[in-house]
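Overview (structure and organization)
Chain residues, written in single-letter form:
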Amino acid sequence: MSTHEPNYRTLRLLCANAAGMAGFLLAFAVGREFALALVAGLVVAAIGYVASSAVVEYAGG
């Protein structure tokens, strides 16, 4: 089984995607408005992308 170095951009995008989906689902469950939930999901995804530097540090160390 081959091992390769983790692609840090992919890790960051995965973190952002997971955070964005969670934010979208939570906002949609609370507000029942698709547009508001979409905006909330995008904002949370952006925050998740920036905050994922901790995950990248952990994966690299």
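Look up: the structure comes first, before these words.
Residues numbered from 1 in each chain as written. Predicted model: local features only at pLDDT ≥ 70, side-chain atom pairs only at ≥ 80, totals over all residues. Heavy atoms only, no water.

Here we take up helix α2 (residues 34-51). Turn by turn, an α-helix covers 3.6 residues, leaving residues three or four places apart pointing in a common direction. With 18 residues, α2 should reach 26 Å at 1.5 Å per residue; the first-to-last C-alpha distance of 25 Å fits that figure. Buried within α2 we find Ala 37, Gly 41, Ala 45 and Gly 48. Along α2, the residues classed as buried sweep out an arc of 75° about the axis, all on the same side. More than 90 degrees from the buried face of α2, the exposed residues found are Leu 42, Ile 47 and Val 50. (Helix = DSSP H or I, 4+ residues; strand = E, 2+ residues; numbered from the N terminus. Expected span 1.5 Å × (residues − 1). Buried < 20%, exposed > 50% of the residue type's maximum accessible area, 1.4 Å probe, protein only. Arc of directions from axis to C-beta.)

Turning our attention to helix α1 (residues 8-31). Under the 1.5 Å per step criterion, the end-to-end length of α1 is 34 Å for 24 residues, consistent within 8% with the ideal 34 Å. Restricting attention to buried positions, one finds in α1 the residues Ala 16, Gly 20, Gly 23 and Ala 27. Considering only its buried residues, α1 is in contact with α2. Arg 32 lies just past α1 and shows a positive phi near 55°. (Contact = heavy atoms within 4.5 Å.)

This part takes up the environment of Gly 41. The topology assignment puts Gly 41 in helix α2. In this structure Gly 41 comes out as buried when scored by relative accessible area, which is 8%. Sequence-distant contacts of Gly 41, that is, excluding residues within four places in its chain, are made with Gly 20, Gly 23 and Phe 24.

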